[in-house]
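# Observations on the model geometry
Residue-level listing of the chains:
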Amino acid sequence: MTLRYSLFKRLKSTKPFYVTTPIFYVNASPHIGHLYSMLIADTRSRWEKLNPNKFSYMLTGTDEHGLKIQTAAEKQGIDPKVLVDRVTGNFKELSNKLDINYDRFIRTTDKDHVNLTHYFWNVMEEKGFIEKGSHSGWYCVSDETFYPEANTEEIEKDGKKIRISSESENEVVYQEETNYFFKLSAFQDQLVQYLQNNPDFIKPQHRYKFILNELMTTKLPDLSISRPSSRLKWSIEVPNDPSQKIYVWFDALLNYLTATGFPNGFLQDSKYITPEDNLWPATHIIGKDIIRFHCIYWPIFLLAAGIDLPKQVIVHSHWLCEGFKMSKSLGNVVDPIEISEYYGIDPVRFFLMENSNIEDDCKFSETLLERSRDSLLGKYCNLLTRIGGGKFDIRESVEYCKKGKFDDISQLIQNYSLKKDIVPSILQLSTDLQDDINNLYTQMDEKIINFDYIRAVQTWWQVINQANQLFQISEPWLYIRALKSSSGLDDKTIEDYKKLINYYVFLCSETIRISSILIQPIMPNLSKDILDRLNIDINMRNSDYVKIGADLNYGDGANSNKHKLPLQKLQPRVSDKIDD
Ligand code: MSP
């Protein structure tokens, strides 16, 4: 348990928001799809932490057991432990390089996890839900699951007949063996009832309907949860039976409980009660390919044990590259570390959140990534550049607001506008902008808590665009020019001009300050550079300060000429066409 979390437990009694990613198979290197799962969770967890009264805990890690890993290690002629240590390092490197702010990186080879898996197995066995039996069927090593024969088909590959899963198109092999079985069927009705009473349990809705329909129309077969040790060597041993190893998914799903410290503190009078200050229940982020494991098997394991079900399962779609799911064999894998080294960490994070919705598959395209980065440079960073030069003075504009010098601003806009016909537009735009800035947190919050990141980012852009537009049409530089060129201005006019200049600068700097605070969960570095440049106190970068005028102490040094642009223009490295 991290120090921060133990501190939280002492200080607060409200429940933390506990968010998890799937734990990643370590048979191959991480790609952009893995980063996507991590980013959805990281953004949500950081969003929660933006509110000083809330707390969150993010869990990610690696799934290190099973035939898939064993086979990969055999192919490379190395010990599985050597392989998992190396590839886990790659996933840690990915999360560290891409600034994934996890609270724990769990490995299923961790001691507390192995202990918990044994404990959970014993509980299930004592309750009579685990039985030994014989099993035969079509097993897919790549997907680590059995498929019913009806869901497989024979094809010809390299002149040889092989059988594949119709769903994943990965090869299946016939296996007959003694296994332990879990009585899934005993909980089918209970799960249906739970889903009917909790229609938000699985999001988006079409995934919920799919699972509910499957449960209502198909009788669940019992689940084989072990394999003979002669075949599966690299897995956790079944308690008191060295001839069998635990099925990798049974062990993997339990990682979400391991991180909560289960069963310590949960057990009261032989019942599991989730303590109020405990992390559990979790919100799980998963890809669409592992829905059955998380929305059928996992809830049933928990129902059987008498533990509360997860709060929610958020199922996201996949990133496609050149029209296909990324895979090593297709050679269309996008390496997240390589692209972030070229485009920068934050532009990559921003691009993935700006261009994906959890409902539909998303197309990865480097051209779109370049465009998204150009917009950050041309609109977000440019707003800062516009008011951050030597002509203006951000600190002075903040000071003007503090001293109440904008109280008669509407009158001044009308009196002194150099182009009378645009006065109504300026007044309207500045009112809209102020309203939109003040509502930005609530507006983004509504979307982010529903994992609707695209729309949250669109709302964010709207405010930036409005501020740029206001600056463009109000032309504050003309007042500067007037102040410089004409010596005949009286003191009142000079002060009124200064008020107008500072008002527009202030609205733009408030746009930058608040939008930067609110984009921290997606772009922690670029927002930090910009907030640093504005000289915002580190303790005032949270949701308590997201209204206009909530922080009037910043701006010192923001207009000094020692600052560099927070993002540099890059040479395009792809052709102009949008990839299919
Ligand atoms: N080890 C299991 C999960 C166990 S959780 C108790 C597993 N691992 S995985 O490495 O194959 O996949 C991890 C996650 O990455 C899954 O949620 C999967 O959907 C996601 N992605 C894999 N390819 C992806 C894309 N191309 N796009 C988006 N996400 C994708 O499954």
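If you're wondering where the values come from, they're calculated on a predicted model, not measured in any experiment.

The rules we used
Residues numbered from 1 in each chain as written. Predicted model: local features only at pLDDT ≥ 70, side-chain atom pairs only at ≥ 80, totals over all residues. Heavy atoms only, no water. Pairing = 2+ DSSP bridges. Helix = DSSP H or I, 4+ residues; strand = E, 2+ residues; numbered from the N terminus. Contact = heavy atoms within 4.5 Å. Axes fitted to C-alpha atoms, helices over the stretch in contact; angles between N-to-C directions. Buried < 20%, exposed > 50% of the residue type's maximum accessible area, 1.4 Å probe, protein only. Near = heavy atom within 4 Å. Polar contact = N/O pair within 3.5 Å; in protein donor to acceptor, adjacent residues only side chain to side chain. Areas by Shrake-Rupley, 256 points an atom, 1.4 Å probe, with all protein chains shown as cover. Nonpolar A, V, L, I, M, F, W, Y, C, P; charged D, E, K, R; others polar.

Now for the sheet that holds strand β9 (residues 202-203). Adjacent strands of a sheet form backbone hydrogen bonds with each other and so pair up, either parallel or antiparallel. Taken together, the six strands give an open sheet; going across it, the order is β3-β2-β1-β16-β17-β9, and neighbouring strands pair in parallel fashion. Two strands bound the open sheet, and with one partner strand each, they are β3 (104-107) and β9. Looking at chain direction, β9 and strand β17 (residues 312-316) are connected through two bridges and run parallel. In the strand pairing of β17, Ile-202 is matched with Val-313. Sheet strands touched by helix α10 (residues 291-305): β9, β16 (283-287) and β17. Its angle to β16, the strand with the most contacts, is close to 140°.

Our focus in this paragraph is the sheet that holds strand β18 (residues 319-321). The sheet built from three strands is open, its strands ordered β19-β18-β20 with mixed pairing. The outermost strands of the open sheet, each flanked by one partner alone, are β19 (324-325) and β20 (362-364). Two elements, β18 and β19, share two bridges in a ladder whose sense is antiparallel. The residue of β19 that forms the bridge with Cys-321 is Phe-324.

Relative to strand β13 (residues 241-246), strand β11 (residues 226-228) runs antiparallel, the two sharing three bridges. What sits directly across from Ser-226, in β13, is Ile-246. As judged from the two bridges shared by strand β12 (residues 237-238) and β13, these two strands associate in the antiparallel manner. Note on β13: the bridge partner recorded for Val-238 is Asp-241. The turn joining β12 and β13, which pair antiparallel and follow one another in sequence, is formed by two residues; a positive phi near 60° is taken by Asn-240.

The next thing to look at is the environment of Ser-543. Among the structural elements, Ser-543 can be located in the segment after α20 (524-533). Relative accessible area serves as the criterion here: at 11%, Ser-543 is assigned to the buried category. The spatial distance from the C-alpha of Ser-543 to the C-alpha of Pro-52 is 7.3 Å, given a sequence separation of 491 residues. When sequence neighbours within four positions are dropped, the list of residues in contact with Ser-543 reads Leu-50, Asn-51, Pro-52 and Tyr-441.

All right, on to the site of the ligand then. Taken together, 24 residues form the shell around the ligand, and within it Ile-23, Asp-63, Gly-287, Asp-289 and Trp-319 come nearest. Gly-33 is positioned such that a nitrogen or oxygen atom in its backbone is 3.3 Å from a nitrogen atom of the ligand. When the free accessible area of the ligand is taken as 660 Å², the share hidden by the protein chains comes to 95%. Within the residue set of the shell around the ligand, elements represented by two or more residues are β1 (17-25), α2 (32-49), α8 (248-253), α9 (255-258) and β16. Of the residues forming the shell around the ligand, the biggest block, four residues, is contributed by β1. Its residues assigned to classes, the shell around the ligand shows 11 nonpolar, 10 polar and three charged.

By themselves, these are just geometric observations and shouldn't be taken as functional.
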